[in-house]
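# Architecture at a glance
Take a look at the letters that make up each chain.
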Amino acid sequence: MTATLPLAGRGRRFVATLIDAILVPVVAILLMLVTGVLEHASDWSESAMPFARMFGLGLASYILLNLWLLWSRGQTLGKAIMGIAIVLAKTGVKAPLWRLFIRGLFFPTLYLIVLVPFIALIPAIDQVLIFRRDRRCIHDWVCGTAVVRRDGAA
Amino acid sequence: MRKTVAGIIAAVVLALSGGVASAADCPSRPGLKTFASDAWGIDARNTRFQPKTTISAANVGQLRLEWVYGLSTDTPRSYPLVTEDTIFAGDQGNGLVALNRKSGCTRWTFAHGGAIGTAILHQTQRGRTTLFFNDRYPSHMFAVNAADGTLRWQHAAPGDNPVAMLSGTPLIDGGRMFVPLSSIEVGLAVNPFYGCCTTSGGMAAVDLRDGHQLWHRRSIPAQPKVVGHHFLFVEESAPSGAPVWGPPTYDAASGTVFFGTGQNYSRPTTATSDSIFAVNAQDGSVRWIHQFHQNDAYNTACDLSAGHPNCPKPTGPDLDFGAPPILAHAQDGHTLLIAGEKSGMVYALDPHDGHIVWTRQAGRGGALGGVHWGMAVNEALGLLFVPVSDVDAGRLTGQGQAHAGLYAYDIATGTPRWSHVRTARCPDRPCSPGLSAAIIAGPDLVFAGSLDGKLEALDAKSGKLLWSYDAWRDYPNTVNGKAAKGGAFDAHGPLLAGDQMIVSSGYGTFGERGGNALLVFELPPEKTP
């Protein structure tokens, strides 16, 4: 497994995730400001599905921030800043985009830890698995990925 | 064989999970011959005077808690309807329940997860009784078969407000229902990226057969326009607000619907906020409007910070008419429209043209009252009863000393008759002695529930305290097996019906003590000699 590249440290992964978790809502708020999709009363009506709009803003923000980096280098912005990348666990090569997309679906669950404490256990368990020896969380196992140091440093 | 095993497993799971009727249930049809009330205010004039009660000053001392029903919310906000053998109660999160009046067991449940926020109303046509209630938000109107709890129809809120809130209880007259309209926009404004504000309160009439709109009267006739921007992109709009929080009042003789409005949400303000409206019941056309406070603009963004981009500047005092006006007959033969305001002011108006006959300052007032949910009258005694909250509302508290308590005035002149001043019983923790909840009057007494969890009965003539009950406690044994907790009395307040007094205890919306206890008090059976 990832024989050629060392696994990313837990600290780097935590900081990278923290950067992403902060940047995505910031960009989502800017998108909300520019597009005005939640600015008017009609946007908050039941039929307008305001919570779907909020999710859509978050998704658009995530894609805007990360799509090119994920496609070209297997990195989110946070991971790029921290010098780590997502690779296929078995081969160590850059993970294909469709796997990264599935992996990205786990990202919004991070906010559940803060926003919905009652069901926080589910994403919390996902994150806690970082303390396994192979440092692979549930989302890594589902997508067959691992996170490695891109500069090859130990 | 596999099917048999699966069937046995399914039956066991169903039984264990409560999917079958529990022992407390008593599936049965409710009696629908007599109703203790016809409106939120007992009658269409919103007198909150209940003649159909045997509870009196002479026997109120014998009133005992008979049973408790554990509601599914800590902030109950529905007012029950009582027949000869059944209590229909809104149990937010569970549904509309029909409870046996004597035992409290459940006859039927209209399972419904919405936020039932109104009194339960009724109408019988061609021998078929229908119950009506509204969800606050998402705002929907419901008509339910009273016999078995099946849905007749449901309909979205009338009017043109995409975020309408159905908070005030409607009023039924014949085949139509007058529906007060408020808005969640007062809360949406806390989002600084929300373009505050564009919606108007109002009143609508709907057809009781299917809920379709007959007419709609905006409390702000003008359509909103963009009046500014912040953060470069976010549009600020006005006029807006003037919501109708309380039930309408109806004068059958003149065919007039009366209702009060709240403040504007943005500036510039209008001449229709903090006002009493009189409109034609046939088409909603305005007969007169009397505004009591100009330039009152406020929304909940101001609670976060006065500097919030959506907080109107200058910030108004938020002085709604939350309580409905009472159409009261004075002993001198005149009829007055008496309106109590969150400012603590009470106004008696001529219902024909809205001119002021008399005014009284009952409390110091504030954003949570003053007069908050509802007053009552006893026309035989010529008395108006005014509950005063005067709870501390931070920056939006009125000037001067609090006057929490119950005050009686002469209906005709506003002359003070007696007062029952309440003092804090728990100075070491946040609890107010104020009377925010609506009150109810019987032939010779008045019932009021306080924010500090006490229920009191006062002599109507003198204001003497006759009976008191402290609901600030736990109720582990309830008729439906759901543990209950008592708390602040707020919102719709107590209901008198025959030998019973029914009230929900607990209300956590504004930091008071929440609770989920539907309390049913009853006189003991009369002893035969």
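About the criteria used
- Residue positions are given per chain, counted from 1 along the sequence in the order it is written.
- Here every chain gets a letter starting at A, and every ligand a number starting at 1, in the order they are written.
- It should be noted that, the model being predicted, local features are given only for residues of pLDDT at least 70 and side-chain atom pairs only at 80 or more, the latter also being counted only at that level, while totals for whole chains, interfaces and linings use all residues.
- Strands here mean DSSP runs of E at least two residues long; helices mean DSSP runs of H or I at least four residues long; both are numbered from the N terminus.
- With the radius of gyration taken over C-alpha atoms, the globule rule is written as 2.2 Å times the number of residues to the power 0.38.
- For the exposure call, what matters is how many other C-beta atoms sit within 10 Å of a residue's own: 20 or more marks it buried, 12 or fewer exposed, and in between partly exposed, using C-beta atoms placed from the backbone.
- A pair of residues counts as a contact when their C-beta atoms, built from backbone coordinates, are separated by no more than 7 Å.
- The residue classification treats Ala, Val, Leu, Ile, Met, Phe, Trp, Tyr, Cys and Pro as nonpolar and Asp, Glu, Lys and Arg as charged. All others, Gly included, are polar.
- Values of pLDDT, the confidence the predictor places in each residue, fall between 0 and 100.
- Any two strands with at least two DSSP bridges between them are considered paired.
- In this description, a line fitted to the C-alpha atoms serves as the axis of each element, helices being fitted only across the stretch in contact, and the angle between N-to-C directions of two axes falls anywhere from 0 to 180 degrees.
- By convention the nonpolar core is taken to be a set of buried residues drawn from Ala, Val, Leu, Ile, Met, Phe, Trp, Tyr and Cys and joined through C-beta atoms within 7 Å.
- Take the residue count of a helix, subtract one, and multiply by 1.5 Å to get its expected span.
- The cut-offs work like this: below 35 degrees is roughly parallel, past 145 is roughly antiparallel, 65 to 115 is roughly perpendicular, and the gaps in between are oblique.
- Two helices that cross are described as forming a left-handed crossing if the nearer one is turned anticlockwise from the farther one by less than a right angle, and a right-handed crossing if clockwise.

## Let's talk about the overall build of chain B
- Helices and strands together make up the secondary structure of chain B, namely three helices and 37 strands.
- Rg of the C-alpha trace for chain B: 23 Å, near the compact-globule value of 24 Å for 529 residues, within the 12% margin.
- In terms of its C-alpha atoms, chain B occupies a principal-axis envelope of roughly 70 × 65 × 55 Å.
- Per-residue burial over chain B gives 57% buried out of 529 residues.

## Describing the overall build of chain A
- Counting its regular elements, chain A contains seven helices and two strands.
- Going residue by residue from the N terminus, the α and β elements of chain A occur as α-α-α-β-α-α-α-α-β.
- Over its C-alpha trace chain A gives a radius of gyration of 17 Å, about what one expects of a compact globule, namely 15 Å for 154 residues.
- Seen along its three principal axes, the alpha-carbon backbone of chain A occupies a region of about 55 × 35 × 25 Å.
- Residue burial in chain A is summarised as follows: out of 154 residues, 23% are buried.

## Quick notes on the interface of chain B and chain A
- Listed per partner, the contact involves 14 residues of chain B and 13 residues of chain A.
- When residues of the side of chain B that touches chain A are traced back to their parent elements, those giving at least two are α2 (185–188) and β16 (234–238) of chain B.
- Residue composition of the side of chain B that touches chain A, grouped by class: nine nonpolar, three polar and two charged.

## Observations regarding the environment of A448 of chain B
Residues and elements named next belong to chain B.
- Residue placement: A448 occurs in strand β30 (residues 445–449).
- The class of A448 is buried, set by 26 C-beta atoms lying within 10 Å.
- When the C-alpha positions of A448 and A437 are compared, they lie 7.5 Å apart, and in sequence the two are 11 residues distant.
- Non-local contacts of A448, meaning those with residues more than four positions away in its chain, are made with P387, L406, L435, I439 and E456.

## Some points on the environment of L81 of chain B
Residue and element names in this part refer to chain B.
- Relative to the helices and strands, L81 is located in strand β2 (residues 81–82).
- Considered as a pair, L81 and A39 are 42 residues apart in the sequence and their alpha carbons are 9.0 Å apart.
- Leaving out residues up to four positions away in the same chain, L81 has contacts with F35, S37, F88, A119, I120, H122 and L131.

## What about the confidence of the model for chain B?
Residue and element names in this part refer to chain B.
- For chain B, per-residue confidence averages 93 on the pLDDT scale, and 94% of positions sit at 70 or higher.
- Counting contacts from residues 1–24, a segment whose pLDDT is below 50, to residues more than four positions away or on other chains yields nine contacts.
- What the predictor reports for the complex is a pTM of 0.90 with an ipTM of 0.84.

## Section: the sheet that holds strand β24 (residues 356–361) of chain B
Residue and element names in this part refer to chain B.
- In spatial order, the strands read β21-β22-β23-β24; together these four strands make up an open sheet with antiparallel pairing. Among the strands making up the open sheet, the edge pair consists of β21 (326–329) and β24. Across the sheet, the axes of successive neighbouring strands diverge by a mean angle of 25°, strand direction being ignored.

## Here's the deal with the pairing of β30 of chain B
Residue and element names in this part refer to chain B.
- Within β30, five of the five residues are buried, which leaves the element mostly enclosed by the surrounding structure.
- Of the two faces of β30, the one holding L445, F447 and G449 and the one holding V446 and A448 are both buried throughout.
- Where strand β29 (residues 440–441) and β30 come together, two bridges link them in antiparallel fashion. When the sheet's bridge partners are listed, A441 is paired in β30 with V446.

## A look at the sheet that holds strand β35 (residues 495–497) of chain B
Residue and element names in this part refer to chain B.
- The four strands lie next to each other as β1-β37-β36-β35, forming an open sheet whose pairing is antiparallel. The open sheet has two free edges, formed respectively by β1 (64–70) and β35, since each of these has just one partner strand. Averaged over all neighbouring strand pairs, the angle between strand axes comes to 20°, with direction disregarded.
- Relative to strand β37 (residues 517–522), β1 is paired through six bridges, and the arrangement is antiparallel. Residue pairing for β37: V68 is matched across the bridge by L519.

## A few points about the confidence of the model for chain A
- When pLDDT is averaged along chain A, the result is 89, and 93% of the positions lie at 70 or above.
- Put simply, helix α5 (residues 109–115) of chain A is where chain A has its lowest mean pLDDT, 78, and helix α3 (residues 77–82) of chain A is where it has its highest, 96.

## Considerations on unusual backbone geometry
Residues and elements named next belong to chain B.
- Following A238, the chain continues into P239 via a peptide bond in cis, with omega recorded as 0°.
- Residue G370 follows G369 across a cis peptide bond; omega there is 10°.
- Positionally, G370 belongs in the loop between β24 and β25 (376–378).
- Of note, I42 is a non-glycine position whose phi angle comes to about 75°, a positive value.
- Relative to the helices and strands, I42 resides in the loop between α1 (2–16) and β1.
- For I42, a count of 23 C-beta atoms within 10 Å puts it in the buried group.
- Phi angles above zero are rare outside glycine, and L232 is one such case at about 65°.
- Here L232 is to be found in the loop between β15 (225–230) and β16.
- Residue classification places L232 among the exposed positions, given that 7 C-beta atoms sit within 10 Å.

## What about the pairing of β15 of chain B?
All names here are of chain B.
- In terms of burial, β15 is a largely surface element, zero of the six residues being buried.
- In the sheet, β15 pairs with β16 via five bridges, with the strands oriented antiparallel. Residue pairing for β16: V226 is matched across the bridge by S237.
- Remark: three residues form the turn of the hairpin made by β15 and β16, two consecutive strands paired antiparallel; F231 in that turn has positive phi of roughly 50°.

## Let's talk about the nonpolar core
- In this structure, L384, F385 and V446 of chain B are the most contacted members of the largest nonpolar core, which totals 156 residues.
- When near neighbours in sequence (up to four residues on either side) are disregarded, F385 of chain B contacts M375, A376, V377, L406, A408, I439, A441 and V446 of chain B.
- In terms of nonpolar packing, the next biggest core, distinct from the first, is built from 13 residues, L70, M82, A95 and A146 of chain A among them.

## Observations regarding helix α1 (residues 10–35) of chain A
Residue and element names in this part refer to chain A.
- With 26 residues, α1 should cover 38 Å at 1.5 Å per step; its first-to-last C-alpha distance of 37 Å lies within 8% of that length.
- Turning to α1, its buried residues number three or more, namely R13, A16, V24, A28 and M32.
- Contacts from the buried residues of α1 go to α2 (50–73), α3, β1 (84–88) and β2 (145–149).
- Among the residues trailing α1, G36 stands out with phi positive, at a value near 65°.

## Description of the packing of α1 of chain A against α2 of chain A
Residue and element names in this part refer to chain A.
- At a closest axis distance of 8 Å, the pairing of α1 and α2 adopts a crossing angle of 115°. Relative to α2, α1 is oriented roughly perpendicular. Note that α1 runs across α2; the crossing there is right-handed. Counted together, L23, V24, V27, A28, L31 and M32 of α1 and L57, G58, A60, S61, Y62, L64 and L65 of α2 form the full contact between these two elements.
- Split into classes, the residues belonging to the contact of α1 with α2 amount to 11 nonpolar, two polar and no charged.

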